[in-house]
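Per-entry structural report
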Amino acid sequence: MKLNIKELKLMANTIRQDIVKMLVEAKSGHPGGSLGMASVFAVLYFHTMRHDPKTPDWEDRDRMVLSNGHICPVLYATLANAGYFPKSELMSLRKLGSKLQGHPHRGNVPGIENSSGPLGQGVSQAVGMAIVSKREKKSWKVYSVAGDGELNEGQVWEGFMLASKYKLDNLILIIDRNNIQIDGTTDDVLPLEPLADKFRSFGWAVIETAGNDVSSLIKAFTEAQAISGQPIAIIAKTMPGKGVSFMEGRFDWHGKAPTKEQGDLALKELENERKLLEVA
Amino acid sequence: MTIVKKATRDGFGKALLELGEKDSNVWAVTADVSESTRTHWFAEKFPDRFVQVGVAEQNMAGVAAGIASCGKMAFISAFAAFSPGRNFDQIRVSLCYNDLNVKIHGSHAGASVGPDGASHQILEDIALMRALPNMVVVVPADVDEAHQATLAVAQLKGPAYIRTSRENSPVFTKDMGSVFHLGKANVLVEDGDDIVIFACGLQVYEAMEAAKALKQQNINCTVVNIHTIKPIDVETIVKYAKKCGLVLTVEDHQIEGGLGGAVAEVLCEHCPTPMKRVGMRSQFAESGNCSELYKKYGLDAVGIQKGVIEAMKLKR
């Protein structure tokens, strides 16, 4: 299923509304990164990736390895909208007996490639998958999403070196560059800049893009797919809490759920945005 | 008669090579220690299924998880001090929670690694691995058993931990007709019912030697090789604990959480029996050769004899 630009924008909006509803219902979870990455996930699953929701374990599918597992509400909402499982299940997030664990569990949910949560681990798994695809001359690619705060973990840099060693040009890593982590801004907690230079010095190709803009993302992924001989990092500059005025840019919304009232306010804002998108 | 000595890591390496020959789905990953862990035999023959990650054990576990998620069986090999010593979280979540077909080979385990000193002598790895859901833990007693154990865990779909040593140690299980069945302990000496010694790894041979010496003093021991620590053979442990009424455990590991802990848990629930544990007593060892360290820390046949005599005081 390939959506056009207007449809992708609307899909990102739908995903954001689903995230807000899920978190209000769950009463816990991580809205900041989830909302900020809705456009990236909309473009990946409804434009860029080769996958089939009816055959989640199709051998030649592109893999999506979420490394910062705490933003799983955006992945769950995307998978449900893509048809991997009924949307009604989204409201079971974080509840007893639910498939939708607080951090993703492989095997529970169709479309989930890896259990994640402890930061840094998904990146290594993505590297392992890309090695298999390359060695066996398969055409499928590995997309992986990591948070910028996640780059504090040493494990990811071990993975980056290995990806470069094996020239994994079938690995496209999207960094959610939203400048926040739990205790504050990434600049305050542990400065990352110059991030693009760091990746380049590790042998990666770097594409910097606007992570909340559907057209820019399509351009970035198209460019990334054409690169050969090195792994690709897309540094997606995003607004955490995107679309909800009182959450945007604020690190204190990294990991707390909106109340019912806050959720209603957020949905009203997102619904207004949707109306503008529809007439655009 | 001089006994042949070989390192258990060699048994692993030979089995890995055989598995690679039989099954093109078998991969091997190592962290800059391919020769030391005997993964190099596989690497030379199957370079397309070998991954060298460098000194990066956390990444090694994750990369193997990624490989396994593509339907492969991956073996990760490094010194046990660093894998599982350094990458517990990755083993817990990327391997066990994902329930992926990755086998962890931890070589150079225990005080047996000797001169390298306490930083490299991991004495806590059995405890770490034993506590994990979906994990299987095996500690082979000699090179042949390591070979058989590696082939046996390859039959499983999920994660497993194989603990080996660098030290050349007596080769004896084959001559005794001992066959490895995962989860089924082997009774190697059944001389009497004064005490049962449950041992694993290099301590199995030492325990048999101790039993031989004790027989001269009219103390009749049964010696059981608990090569599989998880799932542990409850039936055999309970059977011999009941029969002998006195238990000694012996291991090159801290007495907390390893074989001693595992046996104590079984006995407490199924058949409370007086017992003593021989092992490292919540301490770090030091540099020295293996036999010197085993002597100093009471992990050799003489130490085990002392342990038995100590334990006999518990028996009225």
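Because the structure is a prediction, the values reported are computed rather than measured.

Brief notes about the overall build of chain A
- Along its length, chain A carries 10 helices and 7 strands.
- Its C-alpha atoms give chain A a radius of gyration of 17 Å, near enough to 19 Å, the size a compact globule of 280 residues would have.
- When the backbone C-alpha atoms are referred to their principal axes, chain A occupies close to 50 × 45 × 40 Å.
- Looking at chain A alone, contacts between residues at least 24 apart form 77% of all its contacts between residues at least 6 apart.

Observations regarding the overall build of chain B
- Broken down by element type, chain B carries 11 helices and 14 strands.
- A compact globule built from 316 residues should have a C-alpha radius of gyration of about 20 Å, and chain B, at 19 Å, falls within 12% of that.
- Evaluated residue by residue, chain B yields a buried proportion of 61% over its 316 residues.
- Long-range contacts, defined here as pairs at least 24 residues apart, represent 78% of the contacts in chain B between residues at least 6 apart.

Describing the sheet that holds strand β6 (residues 137-138) of chain B
All names here are of chain B.
- Strand order in the open sheet formed by 7 strands is β3-β2-β4-β5-β7-β6-β12, with mixed pairing between adjacent strands. In the strand order of this sheet, the two ends are held by β3 (50-52) and β12 (228-230), each with one partner.
- Pairing geometry for strand β5 (residues 102-107) and strand β7 (residues 160-163), over 4 bridges, is parallel. Note on β7: the bridge partner recorded for Lys103 is Ala160.
- The sheet strands contacting helix α6 (residues 143-153) are β5, β6 and β7, and the helix crosses β7 at an angle near 170°.

A short note on the confidence of the model for chain B
- For chain B, per-residue confidence averages 97 on the pLDDT scale, and residues scoring 70 or more make up 99% of the total.
- Here the predicted complex scores 0.97 on pTM and 0.96 on ipTM.

Brief notes about the interface of chain B and chain A
- Contacts between the two partners involve 23 residues from chain B and, on the opposite side, 23 residues from chain A.
- Counting residues per element, the ones that place at least two in the side of chain B that touches chain A are α3 (57-68) and α4 (88-97) of chain B.
- It is α3(B) that contributes the most residues to the side of chain B that touches chain A, 8 residues altogether.

Brief notes about the nonpolar core
- Ile234(A), Ala64(B) and Ile197(B) are the most contacted members of the largest nonpolar core, which totals 191 residues.
- Counting residues domain by domain, this core receives three or more from each of domain 1 (5-170) and domain 2 (186-308) of chain B.
- Setting aside residues up to four positions removed in sequence, Ala64(B) forms contacts with Gly128(A), Val29(B), Ala74(B), Ile76(B) and Val102(B).

With respect to unusual backbone geometry
- In this structure, Pro194(A) follows Glu193(A) across a cis peptide bond, with omega equal to 0°.
- Mapped onto the fold, Pro194(A) is located in the loop between α7 (186-189) and α8 (195-201).
- Here the residue pair Ser83(B) and Pro84(B) is connected by a cis peptide bond, since its omega of 25° sits within 30 degrees of zero.
- Assignment of secondary structure puts Pro84(B) in the loop between β4 (73-79) and α4.
- Phi is positive for Lys167(A), close to 50°, though the residue is something other than glycine.
- A tally of 14 C-beta atoms within 10 Å means that Lys167(A) is categorised as partly exposed.
- Of note, Asn179(A) is a non-glycine position whose phi angle comes to about 65°, a positive value.
- Among the structural elements, Asn179(A) can be located in the loop between β3 (171-177) and β4 (180-181).
- The exposure class assigned to Asn179(A) is partly exposed, which follows from the 19 C-beta atoms found within 10 Å.

Side note on the environment of Glu278(A)
Residue and element names in this part refer to chain A.
- Secondary-structure assignment places Glu278 in helix α10 (residues 260-279).
- Residue class for Glu278 comes out exposed when judged on the 11 C-beta atoms lying within 10 Å of it.
- In this structure, the C-alpha to C-alpha distance between Glu278 and Lys6, residues 272 residues apart in sequence, is 7.9 Å.

Considering the packing of helix α5 (residues 121-135) of chain A against α3(B)
- Running from N to C, α5(A) and α3(B) point in directions that differ by 50°, and their axes come no closer than 6 Å. For the element pair α5(A) / α3(B), the angle class is oblique. As for the relative orientation of α5(A) and α3(B), their crossing is right-handed in sense. Between α5(A) and α3(B), the residues in contact are Gln121(A), Ser124(A), Gln125(A), Ala126(A), Val127(A), Gly128(A), Met129(A), Ile131(A) and Val132(A) and Asn59(B), Gly62(B), Val63(B), Ala64(B), Ala65(B), Gly66(B) and Ile67(B), respectively.
- In terms of residue class, the contact of α5(A) with α3(B) is made up of 9 nonpolar, 7 polar and no charged.

A word on the sheet that holds strand β7 (residues 232-237) of chain A
Residue and element names in this part refer to chain A.
- Read from one edge of the open sheet, 5 strands run β1-β2-β3-β7-β6, paired in parallel fashion. On the outer flanks of this sheet lie β1 (63-66) and β6 (205-210), each paired with one strand and no other. Across this sheet, the average inter-strand angle for adjacent strands is 20°, counted without regard to direction.
- Bridge count for β1 against strand β2 (residues 142-147) is 4 bridges, and the pairing is parallel. Looking across to β2, one finds that Leu66 is bridged to Val145.
- Sheet contacts for helix α9 (residues 214-226): β3, β6 and β7; angle to β6, the most-contacted strand, approximately 170°.

What about the domain arrangement of chain B?
Residues and elements named next belong to chain B.
- The assigned domain composition of chain B is domain 1 (5-170) and domain 2 (186-308).
- Contacts between the two partners involve 27 residues from domain 1, matched on the other side by 30 residues from domain 2.
- Residues belonging to the side of domain 1 that touches domain 2 are distributed by class as follows: 15 nonpolar, 7 polar and 5 charged.

Overview of the environment of Asn98(B)
Residue and element names in this part refer to chain B.
- By the element assignment, Asn98 lies in the loop between α4 and β5.
- Looking at Asn98, the number of C-beta atoms within 10 Å reads 26, which means it is buried.
- Each C-alpha atom, one on Asn98 and one on Asn134, is 9.5 Å from the other, the two residues being 36 residues apart in sequence.

Points about helix α6 (residues 154-165) of chain A
All names here are of chain A.
- With 12 residues, α6 should reach 16 Å at 1.5 Å per residue; the first-to-last C-alpha distance of 17 Å fits that figure.
- Listing the buried residues of α6 in full gives Gln155, Val156, Glu158, Gly159, Phe160, Leu162 and Ala163.
- Just downstream of α6, Lys167 is the residue with a positive phi angle, here 50°.

Definitions and cut-offs
Residues numbered from 1 in each chain as written. Chains lettered and ligands numbered in written order. Predicted model: local features only at pLDDT ≥ 70, side-chain atom pairs only at ≥ 80, totals over all residues. Helix = DSSP H or I, 4+ residues; strand = E, 2+ residues; numbered from the N terminus. Rg over C-alpha atoms; globule rule 2.2 N^0.38 Å. Contact = placed C-beta atoms within 7 Å. Buried ≥ 20, exposed ≤ 12 C-beta atoms within 10 Å, placed from the backbone. Pairing = 2+ DSSP bridges. Axes fitted to C-alpha atoms, helices over the stretch in contact; angles between N-to-C directions. pLDDT = per-residue confidence, 0-100. Core = buried A, V, L, I, M, F, W, Y, C linked by C-beta atoms within 7 Å. Domains from an automatic or database assignment. Parallel < 35°, antiparallel > 145°, perpendicular 65-115°, else oblique. Left-handed = near helix turned anticlockwise from the far one by under 90°. Nonpolar A, V, L, I, M, F, W, Y, C, P; charged D, E, K, R; others polar. Expected span 1.5 Å × (residues − 1).

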